[in-house]
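The lines below spell out each chain.
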Amino acid sequence: MGKDVIIACDFDGKEQVLSFLDKFTGKKPYVKIGMELFYAEGPEIVREIKKRGHKIFLDLKLCDIPNTVKKSMKVLSNLDVDMTNLHASGTIEMMKAAIEGLTREDGTRPLLIAVTQLTSTSEERMKNDILIDKPLKEVVAHYAKNAKVAGLDGVVCSPLEASDVKAVCGNEFLTVTPGVRFADGEKGDQVRVTTPEDANKIGSDYIVVGRPITQAEDPVAAYERCIREFCGE
Ligand code: C5P
């Protein structure tokens, strides 16, 4: 299974993201399109970036009744994205419906991964706001197991949770991990961070890296450094 670096293209609009991608003349990086860019520019931005030869992780974190998620996933599958996601809290039934919607007539489909608990949710908030009394680690592992039972390919999690997820769901179950920073870089608003090298050692399959690349003086050099440190290339 090939490891890869996914660039979180958290830009406000089409012009900014395309001029950023224009800097990459050699390898076409894997790109994450999130809610901000998708809501601002619509499906056209996905088609445009895909046309330029990039793989796309469409990070829309769906969570709704199974029928609605199934029909929405069918739309995303027709957009020809490579990876998309949903909230595991929507239940196993919802995740199974998502897989059905995502699967094309020829049997192929984009990778589908689940958000377990958002990294912005602390154990205290989980207990007080959503009345989940169990330890956060246990909840993450349980949601990952549900995603596996539903037939999903993996989860989005903190690199620090990646080895727990692998222990519960097996080594083939993908871990896609944000919260990555260079050893000599700024943390920004991320709290629990790891370096690309450590993320690799812990067991991440894909790292999602935003500002350390998008805000770098030389984004191409920063991307190449990530690839070197994470994939050992
Ligand atoms: O700029 P930075 O490297 O912090 O960007 C990380 C990306 O990963 C952002 O798009 C952020 O929304 C996303 N993300 C995250 N933590 C999560 C889930 C997604 O940082 N738990």
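This section reports on the structure supplied with the text. (Residues numbered from 1 in each chain as written. Predicted model: local features only at pLDDT ≥ 70, side-chain atom pairs only at ≥ 80, totals over all residues. Heavy atoms only, no water.)

Here we take up the site of the ligand. Lining the immediate environment of the ligand, one finds Ala8, Asp10, Lys32, Thr119, Pro178, Arg181, Gln190, Val208, Val209, Gly210, Arg211 and Pro212. For the ligand, an oxygen atom lies 2.8 Å from a polar atom in the side chain of Asp10. One nitrogen or oxygen atom from the main chain of Gly210 is found 2.8 Å from an oxygen atom belonging to the ligand. Relative to its free-state accessible area of 470 Å², the ligand is covered by the protein chains to the extent of 81%. Every element with two or more residues in the shell around the ligand is listed here: β8 (206–209) and α10 (211–214). The residue inventory of the shell around the ligand, partitioned by class, reads five nonpolar, three polar and four charged. (Near = heavy atom within 4 Å. Polar contact = N/O pair within 3.5 Å; in protein donor to acceptor, adjacent residues only side chain to side chain. Areas by Shrake-Rupley, 256 points an atom, 1.4 Å probe, with all protein chains shown as cover. Helix = DSSP H or I, 4+ residues; strand = E, 2+ residues; numbered from the N terminus. Nonpolar A, V, L, I, M, F, W, Y, C, P; charged D, E, K, R; others polar.)

Contact geometry for helix α5 (residues 92–102) and helix α7 (residues 136–149): axes closest at 9 Å, N-to-C directions at 40°. Looking at the two axes, α5 sits oblique to α7. Relative to α7, α5 is oriented so that their crossing is right-handed. Along its contact with α5, which presents Ile92, Met95 and Lys96, the element α7 presents Asn146, Ala147 and Val149. Of the residues contributing to the contact of α5 with α7, the split by class is four nonpolar, one polar and one charged. (Axes fitted to C-alpha atoms, helices over the stretch in contact; angles between N-to-C directions. Parallel < 35°, antiparallel > 145°, perpendicular 65-115°, else oblique. Left-handed = near helix turned anticlockwise from the far one by under 90°. Contact = heavy atoms within 4.5 Å.)

Moving on to the packing of aromatic side chains. When we look at a pair of aromatic rings, we describe it by the centre distance and by the angle of the planes. One pass over the full model with this rule turns up four aromatic pairs. With a centroid separation of 5.1 Å and an interplanar angle of 40°, the aromatic rings of Phe11 and Phe20 are classed as tilted. The burial state of Phe11 is the same as that of Phe20; both residues are buried. Pairing Phe20 with Phe24 gives two aromatic rings, centres 5.4 Å apart and planes at 70°, and the pair type is edge-to-face. (Phe/Tyr/Trp six-rings, centres within 6.5 Å; stacked < 30°, edge-to-face > 60°. Buried < 20%, exposed > 50% of the residue type's maximum accessible area, 1.4 Å probe, protein only.)

Taken in spatial order, the eight strands close into a barrel running β1-β2-β3-β4-β5-β6-β7-β8, and their pairing is parallel. Here the strands of the sheet are splayed against their neighbours by 25° on average, with no regard to which way each runs. In this structure, strand β5 (residues 111–115) lies alongside strand β6 (residues 154–156), joined through three bridges in parallel fashion. Each residue of the ladder has a partner; that of Val115, found in β6, is Val156. (Pairing = 2+ DSSP bridges.)

As far as function goes, none of this settles anything; it's purely spatial.
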